[in-house]
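# Topology and contacts: notes
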Amino acid sequence: MARRRRLLASVLQSLALLFISLLFVLPIVFCVFTSFKESIEIIKEVTFFPKKWSLVNYDYVFARGAKYLKYYTNTIIITMSSVIVTLLLSALSGYSFAKLPFKGSNALLASILFVLAFPLAAILIPIYIMEYNLGLLNTYIGLILPNLLLILPFSIFIMRGTFINLSRELEDSAEIDGCSVVQTWWKIMLPLAQNALVIVFVSGFYSVWGEYTISKSLATKDSIMPISVALTLLKSEDWNYGVLAAAITMSIIPPITIFAIFQNRLVEGMVEGAIKG
């Protein structure tokens, strides 16, 4: 009887997880299928699978290839620059807070983490005014810095928790071997924190790639506009849902690719953090 209950519980849990997964996956799949439909089919008939597969929507996007390629290039530059800087700063800061405590470090850490609970809408106008006065509007650095403000606190928290759980004996051994603090961090501690770095990389990539509010406010010129904002330019008098679906499908390929590449390390890092926590 107990075995049957466990089996039933396992089946119900699997069904619940499957249902939740479908809630997230089906809209994406529907968007992909919609991108292969013609406008008449989209408007007149609401079907999941295309009755007639067509590439007309992708032709529309690629006909403006140079323009949309620039949007994708802008997004890649902004995202990768933000993520790379975040990886470096969070690894350094996390190690300092975890292994090199100093007077006031707890208060400083608390003030940094406070940013996580601060609403973006409350600081967007001050950010805009500061960037206007500094001449940073419609520049890459003007979009990278606010994104760092959003993703860096969480990344520092992740890296600090990882370094705290690493054995102190590793540092002592490195010190006996003549390693400096920087050498210990670079050669010993950082390689052991690879899973945490993957979490920081993936979460930061997702956050910056799909970020809209900051980009919409601080990037008003086509030359600097990321793809998340450029998608709204597809609207004329009416939405062309097929073209919009094609552009969205193209824009979600990089995040999906990143997740597919790092999914094993991402899961390992989460499991490792749960076990140590």
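Use the structure listed above.
Bear in mind the structure is a predicted one, so any value in this text is a computation, not a measurement. (Residues numbered from 1 in each chain as written. Predicted model: local features only at pLDDT ≥ 70, side-chain atom pairs only at ≥ 80, totals over all residues. Heavy atoms only, no water.)

On a plain count of helices and strands, the protein comes out with 13 helices and 0 strands. Shown N-terminal to C-terminal, the secondary structure of the protein runs as helices and strands in the order α-α-α-α-α-α-α-α-α-α-α-α-α. Once the C-alpha set of the protein is aligned to its principal axes, its extents read approximately 70 × 70 × 35 Å. Within the protein, the fraction of its 277 residues that count as buried is 36%. Carbon and sulfur atoms make up 69% of the accessible area of the protein, which totals about 16,500 Å². Separation between the mean location of the 21 positive side-chain charges and that of the 16 negative ones in the protein comes to 7 Å. (Helix = DSSP H or I, 4+ residues; strand = E, 2+ residues; numbered from the N terminus. Buried < 20%, exposed > 50% of the residue type's maximum accessible area, 1.4 Å probe, protein only. Areas by Shrake-Rupley, 256 points an atom, 1.4 Å probe, with all protein chains shown as cover. Lys, Arg positive; Asp, Glu negative; His and termini not counted. Charge placed at Lys NZ, Arg CZ, Asp CG, Glu CD.)

Further remarks concern the layout of surface pockets. Of the volumes computed, that of the largest pocket is approximately 260 Å³. In terms of lining residues, the largest pocket is bounded by Ile28, Cys31, Tyr206, Trp209, Gly210, Ile248, Ser251, Ile252, Pro255 and Ile256. Elements that contribute at least two residues to the lining of the largest pocket include exactly helix H1 (2-34), helix H10 (194-209) and helix H13 (241-276). The dominant element in the lining of the largest pocket, judged by the number of residues it contributes, is H13, at 5 residues. (1 Å grid on protein atoms, 1.4 Å probe; cavity = no way out; pocket = protein on both sides within 12 Å on 5 of 7 lines; lining within 4 Å. Points joined across faces, edges and corners; volume = space filled by probe spheres on them.)

All told, the structure shown has 1 cavity of 30 Å³ or more when counted by the stated rule. Here the largest cavity is characterised by a volume of approximately 30 Å³. As for the largest cavity, its lining consists of Thr75, Ile78, Thr79, Asn147, Val208, Glu211, Ser215 and Pro226. Looking at which element gives the most residues to the lining of the largest cavity, the answer is helix H4 (residues 65-99), with 3 residues. Among the residues forming the lining of the largest cavity, the class breakdown is 3 nonpolar, 4 polar and 1 charged. (Nonpolar A, V, L, I, M, F, W, Y, C, P; charged D, E, K, R; others polar.)

Following the criterion strictly, the structure yields 4 salt bridges and no others. Glutamate 171 is the salt-bridge partner of lysine 99, the closest N and O atoms lying 3.6 Å from each other. Of this pair, lysine 99 sits in helix H4 while glutamate 171 sits in helix H8 (residues 168-176), and the two are 72 residues apart along the sequence. According to the relative accessible area criterion, glutamate 171 is buried, its value standing at 6%. Ionic pairing is found between arginine 168 and aspartate 172, a salt bridge with its closest N-O pair at 3.5 Å. (Salt bridge = Lys/Arg side-chain N within 4 Å of Asp/Glu carboxyl O.)

Once that is clear, we can look at H1. For H1, built from 33 residues, the straight-helix expectation of 48 Å at 1.5 Å per residue is met to within 8% by its first-to-last C-alpha distance of 47 Å. Three or more residues of H1 are buried, namely Cys31, Phe33 and Thr34. (Expected span 1.5 Å × (residues − 1).)

Before going further, it helps to examine a nonpolar patch on the surface. A cluster of nonpolar side chains, contributed by Leu7, Leu8, Val11, Leu12, Leu15, Leu18, Leu22, Leu26, Phe30, Val46, Phe48 and Phe49, occupies part of the molecular surface with about 1,100 Å² of accessible area. Summarising the element assignment, leucine 12 is placed in helix H1. (Patch = residues over 30% accessible without salt bridge, like charges linked within 9 Å, V, L, I, M, F, W, Y side chains within 5 Å.)

All right, on to the packing of aromatic side chains then. The final tally for this structure, using the stated rule, is 13 aromatic pairs. Ring geometry for phenylalanine 33 versus phenylalanine 49: centroids 5.0 Å apart, planes at 50°, classification tilted. Within this pair, whereas phenylalanine 33 is found in helix H1, its partner phenylalanine 49 is found in the loop between helix H2 (39-44) and helix H3 (56-63), the two being separated by 16 residues in sequence. Judged by its relative accessible area of 16%, phenylalanine 33 falls in the buried class. Ring centres 5.1 Å apart and planes at 80° place the aromatic pair phenylalanine 48 and phenylalanine 49 in the edge-to-face group. Looking at phenylalanine 48, the relative accessible area reads 31%, which means it is partly exposed. A relative accessible area of 53% places phenylalanine 49 in the exposed class. Among the aromatic residues, ring-to-ring pairing joins Phe30, Phe33, Phe36, Phe48, Phe49, Trp53 and Tyr58 into one connected group. (Phe/Tyr/Trp six-rings, centres within 6.5 Å; stacked < 30°, edge-to-face > 60°.)

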